[in-house]
Amino acid sequence: MTAVIAWCIFIVLTAIAAIHVAWGVGMRWPRQTEAELATTVIGHKRDTMPSPSQCYLAALAIFIPGVIALVLSGLVQTPLPAGLVLLAGAGAALIFAGRGVAGYVPAWRARHPREPFASLDRRYYSPLCLLLAAGIVALLANGMRN
């Protein structure tokens, strides 16, 4: 079961990271203009997307926890000490949990109020982050038993 969880986390995060790379090179999917895209995926008060380098950095930050999931499950080997891998997994779980919870906090809503982001965040983005956190916690729990 841990392999299934790890592969699901890896595939989802790799797809999301690839979308961030595509935004970095100028793709505007799933919208037509930069302003529409910004209100859909960021929801801040500006009508601009982050710079390409910020998109690439976000992509890397999203991709790495997917690899961590594979390592935690034992599907990918690493020369890193087991304690460091567990610490990285715990950090990833905390970050995803924090981002997931943030989507329901009034301060986050005030910072990212624009639609359709605000609704998409409550309906999809935040629950996905919470699910990813739960999946990583499950991998950590399994890793701690082994």
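Residues numbered from 1 in each chain as written. Predicted model: local features only at pLDDT ≥ 70, side-chain atom pairs only at ≥ 80, totals over all residues. Heavy atoms only, no water.

Engineer: Describe the packing of aromatic side chains, naming the residues involved and giving the relevant values.
Structural biologist: Considering all chains together, one arrives at three aromatic pairs under this definition. Geometrically, the ring pair formed by W7 and F10 is edge-to-face, given 5.7 Å between the ring centres and 85 degrees between the ring planes. Taken as a pair, W7 and F10 lie in helix α1 (residues 2–24) at a separation of three residues, close to a single helical turn. We classify W7 as partly exposed; its relative accessible area is 41%. Of the aromatic side chains, those joined through ring pairs into one cluster are W7, F10 and F63. (Phe/Tyr/Trp six-rings, centres within 6.5 Å; stacked < 30°, edge-to-face > 60°. Helix = DSSP H or I, 4+ residues; strand = E, 2+ residues; numbered from the N terminus. Buried < 20%, exposed > 50% of the residue type's maximum accessible area, 1.4 Å probe, protein only.)

Engineer: Go over the environment of E34 with me, naming the residues and quoting the values.
Structural biologist: Examined against the element boundaries, E34 turns out to sit in helix α2 (residues 34–41). Residues E34 and G100, 66 residues apart in the sequence, show an inter-C-alpha distance of 25 Å.

Engineer: An account of unusual backbone geometry is requested, with residue identities and associated values reported.
Structural biologist: At the junction of W29 and P30, the peptide bond is cis and its omega measures out at 10 degrees in the coordinates. The linkage connecting E115 with the following residue, P116, adopts the cis geometry, with an omega of 10 degrees.

Engineer: Please provide a residue-by-residue account of the packing of helix α3 (residues 52–73) against helix α4 (residues 82–102), values included.
Structural biologist: Relative orientation of the contacting elements α3 and α4 amounts to 130 degrees, with a least axis distance of 10 Å. In terms of their interaxial angle, α3 and α4 are classed as oblique. Note that α3 runs across α4; the crossing there is left-handed. Only V85, L86, A88, G89, A92 and F96 of α4 make contact with α3, whose side of the interface consists of P65, I68, V71 and L72. By residue class, the composition of the contact of α3 with α4 is nine nonpolar, one polar and no charged. (Axes fitted to C-alpha atoms, helices over the stretch in contact; angles between N-to-C directions. Parallel < 35°, antiparallel > 145°, perpendicular 65-115°, else oblique. Left-handed = near helix turned anticlockwise from the far one by under 90°. Contact = heavy atoms within 4.5 Å. Nonpolar A, V, L, I, M, F, W, Y, C, P; charged D, E, K, R; others polar.)

Engineer: Account for α4, naming residues and giving values.
Structural biologist: In this model, α4 (21 residues) spans 30 Å end to end at C-alpha, consistent with the 30 Å of a helix rising 1.5 Å per residue. Considered for burial, the residues of α4 that qualify are V85, G89, A92, A93, F96, G100 and A102. (Expected span 1.5 Å × (residues − 1).)

Engineer: Give me the nonpolar core: which residues, what numbers.
Structural biologist: I9, L13, L72, F96, I136 and L139 are the most contacted members of the largest nonpolar core, which has 22 residues in total. Here this core takes seven residues from α3, the largest share from any one element. Beyond its immediate sequence surroundings of up to four residues, I136 is in contact with I9, L72, G89, A92, A93 and F96. With six residues, the next largest nonpolar core counts W23, A38, M49 and C55 among its residues. (Core = buried A, V, L, I, M, F, W, Y, C linked by side-chain atoms within 4.5 Å.)

Engineer: Report on the state of the cysteines, specifying residues and quantitative values.
Structural biologist: Applying the stated rule across the entire model yields zero disulfides. In this structure C8 is a free cysteine whose sulfur lies 16 Å from that of C129, the closest cysteine sulfur available. Given the relative accessible area of 46%, C8 is considered partly exposed. (Disulfide = S-S within 2.5 Å.)

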